[in-house]
Amino acid sequence: MKQGAVTASSGESRYAEVSLAGIWRLTSRRQQDTFEIALPGDVHSALLKAGAIPDPYFADNEAKVEWVSRTPWALTREFDAGTDLAGNWTLTLSEVDCIASVFLNDIEIGKLDNQFIRYDLEVTGKLRAGANTLRIEFEVARQVAAERAAAHPFPIPYTKNVEKAPHINFIRKVACHGGWDWNICLMPIGVYGRMSLRRSRLARLDSVEVFQHHAPDKVELEIRTRAFAFAAGEITLGHELDGKGVNGAAQVVPGENVFTHRLTIADPKLWWPAGQGAQPLYGLATTVDGETTHRKIGLRTLKVVCEPDEIGVTFKVRVNGRDIFMKGANWIPADALPSRITPETVRPLLEATVAANMNMLRVWGGGQYEPDYFYEMCDELGILLWHDLMFACMPYPSDRSFLASVRTEITQQVRRLSHHASIALWCGDNEVIGSLTWYPETRDNRDRHLANYDRLNSMLQEICETEDSDRRFWPSSPSLGYLDFADGWHIEGRGDMHYWDVWHSAKSFEAYRTIHPRFASEFGFQSFPSMKTIETFTDAKDRNPSSPVMEVHQRNDGGNARILETMCRYFRFPKGFEEIVFLSQVQQGLAMKTAIEYWRSTKPRCMGTLYWQLGDTWPVASWASLEYGGNWKLLHYLARRFFAPVNVVAVPDATTGEIALVAINDGAAAVEITVAAKAVKTDGRQRPLGEASGEIGLDAAKSVLTLAEATLDKDEFLIFSWAGAEGSPLGDNDFFPAPYKAYEIEQAKVEARWAVEGGETVLYLSADKPAFFVSAEVEAPGTFSDNCLTVLPGAARRLVFRPTGKADRAALAKSLKVRHLRETFD
Ligand code: BMA
């Protein structure tokens, strides 16, 4: 087996970091074979590459690979440390998944217990000149979790989402590794983050935190540097910010040393969230005793404003003094196989976030603290982050050893991440307060479980507020505020809300218009992934919504039935599987459009909507708008329109029968618009209904035109468009007062014509009758500039196709499929 030698550079007093990434040996006490594993990476990916397991994402292979996570694996590599071992040596492992012992030359040097902790193991004197062997031996995480649960003085229940990995709440590992109502349960094992041997002269760098103090025309950066010294003495310490800097000698004592420096930036260029301004970043280089690290700093003030108003308590994000409506989605890990989470797979998801006019993601508490590059990309793209700490949907222990481990975890993570302009707030967990009402154990002894919850949660608050006093700590999502444990699923006047009654309780889409959140941080509706993604995990015989394979790729009990049942409520039932798949995406888009258009129309009462969920971890039916691999579902196209900075939406009043056209402006300045409305019959005949103009400011949505009750005939629907001050078209929208199934929609002939214009690949879609949700799909990866459109006779739609990489135009045309509502039924 080929294992690259690792050699520290010579020159005794220099800092050196030697990576241990590369090919390791993968063995187990139970398996005969030895495999190669590329680290950072995970065991499943190594076995897949070696042909030892089938593709876990295909068909029902999940069960066939379960043995992998029930096997005690070991990772081994030899390396050459060279002959010069002067200095102090640290083995740094920043993300070992999960419970493991580390051996250097067969001597145990550390026990690792928490995936979210960076372990710095001191190996000075243990390292040999020349050949060394490093071995990481893993426990079976499930087994440890079960043993800890059994030893705990009282039962702590776990969510059904992790029923294949019970008691995962007793160990610190990505919770959704144990499954979830959208995830495969792989319980991966591996080493993912930084893995290196560090040789320091006297001290090693632990963290660099940057705090901002804004004043007129200048920003002062307060830089807090932590260094761990191996002995007392003097080190050099310097910061350089775009050419300017401080540099000098510092005295250290053994153990942790904290230094604070101040740098002032005159005429600062401010950082803004996407859609509000630019994202300038200032480069900061810090060197401690020869060890250098880099940060990029975006200068902005940010406040999450929760203050009493006439409704209750506000929940709004204020950046550089401007209240900004948050538009976005919830973020889960980018893949169920950690080896596949790379800058190359993450970047397109974040670019698609901004392309859909979003400005915020919520890093959800059942996932992970993401790698540094994730936050760097969010800084660069202007994506604000609501950041949960990693606890979700179930109670957790609060005994001393658990709290001690979590204390180290949160302290390290906050110190690692707090300098990022993108992070808007820290939130204690996802739905843990709520979960106290979900289980018999917690309901029957609520006092005990509430106290147990608060021991952990108040510690999280104390750490976040101590380490990062500039950011608001929000107790939980949903939460109604400090020490308020009421129902964040239904109480409207304050806090953030998770509203799930439409999906989980089968209420109508119109139910979204009956609730009035201040900040909707979760709500969602499922769909199937596209046919091209379904084809990656099925054989032809499986392509039926209730086939066993399609049910394996649906993790929410009754999910496929909910999708089909919803179709019966809104549409005429589709004639075949492909039509079902298409319509599932249409109705998912409509559900989210209904919710988000309405809540945006209540601005400033509501100041944020984050739907569940942005992406998928594997190919599955789910609430995601980007399917596994990054392909845009129809929801993502609709999101780009319903999140557009300037939008006009129809708001029906269930009591009066009136329909208000409400204009929303979440841009950076007021706009003057003219809105024109018309009634259209299903055969295409149209009549104008009115026109109105107005200035739409940033503070509140504004009703511009109200249509009286019964303005529309039974066979009519509403089309409205809006234009800017010079008559330039800005957008259009439509509204159907009755369910689509009630309309006698005529069979439209939709024509597609490709063209090349100014080097761009353009697709024109036209129709002889009104055609709805007209959607183009091609095999090649890429996106259309728009999709899922209403096409009226005589008004062709122009779509630009933007390929990922090079696209062959002939192949594009050949693979084109155009779907629309009327062709889904006979
Ligand atoms: C929310 C999330 C997840 C879950 C989703 C869909 O409550 O926090 O736990 O995946 O609902 O049920």
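The sections below set out a description of the structure shown in this document. (Residues numbered from 1 in each chain as written. Predicted model: local features only at pLDDT ≥ 70, side-chain atom pairs only at ≥ 80, totals over all residues. Heavy atoms only, no water.)

## Focus on the overall build of the chain
Right, so step 1: Along the chain, the regular secondary structure elements total 16 helices and 45 strands.
Right, so step 2: Its C-alpha atoms give the chain a radius of gyration of 28 Å, within 12% of the compact-globule value 28 Å for 826 residues.
Right, so step 3: Relative to its full complement of 826 residues, the chain shows a buried share of 60%.
Right, so step 4: Pairs at least 24 apart in sequence give 68% of the contacts found in the chain among residues at least 6 apart.
Right, so step 5: Within the structure as shown, the chain displays about 30,700 Å² of accessible surface, and the carbon and sulfur contribution to it stands at 50%. (Helix = DSSP H or I, 4+ residues; strand = E, 2+ residues; numbered from the N terminus. Rg over C-alpha atoms; globule rule 2.2 N^0.38 Å. Buried < 20%, exposed > 50% of the residue type's maximum accessible area, 1.4 Å probe, protein only. Contact = heavy atoms within 4.5 Å. Areas by Shrake-Rupley, 256 points an atom, 1.4 Å probe, with all protein chains shown as cover.)

## Points about the site of the ligand
Right, so step 1: Taken together, Trp180, Asp181, Trp182, Trp364, Cys393, Asn430, Glu431, Trp500, His504, Glu522, Trp612 and Trp623 form the complete shell of residues around the ligand.
Right, so step 2: The separation between an oxygen atom of the ligand and a polar side-chain atom of histidine 504 is 2.9 Å.
Right, so step 3: Across the complex, the protein chains shield 95% of the 310 Å² of accessible surface that the ligand would expose by itself.
Right, so step 4: By residue class, the composition of the shell around the ligand is 7 nonpolar, 2 polar and 3 charged. (Near = heavy atom within 4 Å. Polar contact = N/O pair within 3.5 Å; in protein donor to acceptor, adjacent residues only side chain to side chain. Nonpolar A, V, L, I, M, F, W, Y, C, P; charged D, E, K, R; others polar.)

## A closer look at the packing of helix H4 (residues 343-355) against helix H5 (residues 372-381)
Right, so step 1: Close contact between H4 and H5 brings their axes to 10 Å; oriented N to C, the two are set at 30°. The angle between the axes of H4 and H5 places the two elements in the roughly parallel class. Here H4 and H5 pass one another in a crossing that is right-handed. Listed contacts from H5 to Pro343, Val346, Arg347, Leu350, Glu351 and Val354 of H4 are Tyr373, Phe374, Met377, Cys378, Glu380 and Leu381.
Right, so step 2: Its residues assigned to classes, the contact of H4 with H5 comprises 9 nonpolar, no polar and 3 charged. (Axes fitted to C-alpha atoms, helices over the stretch in contact; angles between N-to-C directions. Parallel < 35°, antiparallel > 145°, perpendicular 65-115°, else oblique. Left-handed = near helix turned anticlockwise from the far one by under 90°.)

## Here we look at the sheet that holds strand E13 (residues 195-200)
Right, so step 1: Taken together, 4 strands build an open sheet; the order of strands is E1-E13-E6-E10 and the sheet is antiparallel. Each edge of the sheet is formed by a strand with only one pairing partner; in this case those strands are strand E1 (16-19) and strand E10 (119-122). Between one strand axis and the next, the sheet turns through 25° on average, direction left out of account. (Pairing = 2+ DSSP bridges.)

## Comments concerning the sheet that holds strand E35 (residues 686-696)
Right, so step 1: Strand order in the open sheet formed by 4 strands is E35-E34-E37-E38, and the pairing between neighbours is antiparallel. Strands at the two margins of the open sheet, each flanked by one partner only, are E35 and strand E38 (729-735). Direction aside, neighbouring strands of the sheet carry axes that sit 20° apart on average.

## Things to note about the pairing of strand E22 (residues 316-319)
Right, so step 1: Strand direction decides the pairing type here: strand E21 (residues 302-305) and E22, joined by 4 bridges, are antiparallel. Within E22, the position partnered with leucine 302 by the bridge is valine 319.
Right, so step 2: Where E22 meets strand E23 (residues 322-324), 3 bridges bridge the pair, whose relative direction is antiparallel. Counted as the bridge partner of valine 317 is isoleucine 324 from E23.
Right, so step 3: The loop that links E22 with its antiparallel partner E23 comprises 2 residues; one of these, asparagine 320, has a positive phi angle of about 50°.

## Some thoughts on the environment of serine 458
Right, so step 1: Inspection of the secondary structure puts serine 458 in helix H9 (residues 446-467).
Right, so step 2: A relative accessible area of 32% means that serine 458 is categorised as partly exposed.
Right, so step 3: Taking C-alpha positions, serine 458 is 8.9 Å from glycine 428, a pair spaced 30 residues apart along the chain.
Right, so step 4: At a separation of 2.7 Å, a polar atom in the side chain of serine 458 contacts the main-chain carbonyl oxygen of aspartate 454.

## Brief notes about the environment of leucine 197
Right, so step 1: Along the chain, leucine 197 turns up in strand E13.
Right, so step 2: Residues leucine 197 and glutamate 17, 180 residues apart in the sequence, show an inter-C-alpha distance of 5.7 Å.

## Some remarks on the side chain of serine 45
Right, so step 1: With respect to the helices, strands and loops of the structure, serine 45 is situated in helix H1 (residues 43-49).
Right, so step 2: A relative accessible area of 16% means that serine 45 is categorised as buried.
Right, so step 3: In contact with serine 45, other than residues within four places in its own chain, are Leu337 and Ser339.

## Let's talk about the side chain of serine 584
Right, so step 1: The topology assignment puts serine 584 in helix H14 (residues 577-601).
Right, so step 2: Given a relative accessible area of 0%, serine 584 falls into the buried group.
Right, so step 3: Residues within four places of serine 584 in sequence aside, it is in contact with Gln526, Ser527, Phe528, Ile563 and Met567.

## Looking at the packing of helix H6 (residues 400-417) against H9
For any two helices packed against each other, one specifies the inter-axial angle together with the distance between the axes.
Right, so step 1: Look at H6 against H9: their axes get within 10 Å of each other, and the N-to-C directions meet at 30°. The angle between H6 and H9 falls in the class roughly parallel. Here the hand of the crossing between H6 and H9 comes out right-handed. Here H6 contributes Leu403, Val406, Arg407, Ile410, Thr411, Val414 and Arg415 to the contact with H9, which in turn contributes Arg455, Leu456, Met459, Leu460, Glu462, Ile463, Cys464 and Glu467.

## Description of the pattern of salt bridges
Right, so step 1: Per the counting criterion, the structure on display carries 64 salt bridges.
Right, so step 2: Residue arginine 194 is joined to glutamate 291 by a salt bridge in which the shortest nitrogen-to-oxygen separation is 3.7 Å. Placement of arginine 194 in the loop between strand E12 (190-191) and E13 and of glutamate 291 in strand E20 (residues 291-297) is noted, with a sequence separation of 97 residues between them.
Right, so step 3: Residue class for arginine 194 comes out partly exposed when judged on its relative accessible area of 32%.
Right, so step 4: The class of glutamate 291 is buried, set by a relative accessible area of 3%.
Right, so step 5: Taken together, the shared-partner salt bridges connect Glu17, Arg118, Asp120, Arg194, Arg198, Arg204, Asp206 and Glu291 into one network. (Salt bridge = Lys/Arg side-chain N within 4 Å of Asp/Glu carboxyl O.)

## Quick look at the pairing of strand E5 (residues 73-80)
Right, so step 1: Extensive coverage of E5 is indicated by the burial of 6 of its 8 residues.
Right, so step 2: Relative to E5, strand E2 (residues 22-28) is paired through 4 bridges, and the arrangement is antiparallel. Counted as the bridge partner of arginine 25 is threonine 76 from E5.

## Remarks on H5
Right, so step 1: Taking burial as the measure, the 10 residues of H5 include 7 buried ones, the bulk of the element.
Right, so step 2: Of the residues making up H5, those classed as buried are Tyr373, Phe374, Tyr375, Met377, Cys378, Asp379 and Leu381.
Right, so step 3: Glycine 382, located one to two residues past H5, shows a positive phi value of around 80°.

## Section: the environment of valine 288
Right, so step 1: In this structure, valine 288 sits in strand E19 (residues 282-288).
Right, so step 2: Not counting the four nearest positions on each side in its chain, valine 288 is found in contact with Leu205, Thr225, Ala227, Ile235, Thr236 and Leu237.

## Remarks on the packing of aromatic side chains
Right, so step 1: The tally for this structure, following the rule as stated, stands at 43 aromatic pairs.
Right, so step 2: Ring centres of tyrosine 499 and tyrosine 512 lie 5.9 Å apart, and the angle between their planes is 65°; this geometry places the pair in the edge-to-face category. Taken together, the residues span a long stretch of sequence, with tyrosine 499 in the loop between strand E29 (497-498) and helix H10 (501-504) and tyrosine 512 in the loop between H10 and strand E30 (520-522) at a distance of 13 residues.
Right, so step 3: Chaining the aromatic ring pairs together yields one cluster made of Phe571, Phe717, Phe736, Tyr740, Tyr743, Phe772 and Phe773.
Right, so step 4: Above the face of the phenylalanine 154 ring, arginine 448 is positioned so that its terminal group lies 4.2 Å from the ring centre.
Right, so step 5: Arginine 562 extends its terminal NZ or CZ atom over the ring of tryptophan 503, reaching a point 5.8 Å from the ring centre. (Phe/Tyr/Trp six-rings, centres within 6.5 Å; stacked < 30°, edge-to-face > 60°. Lys NZ or Arg CZ within 6 Å of the ring centre and 35° of its normal.)

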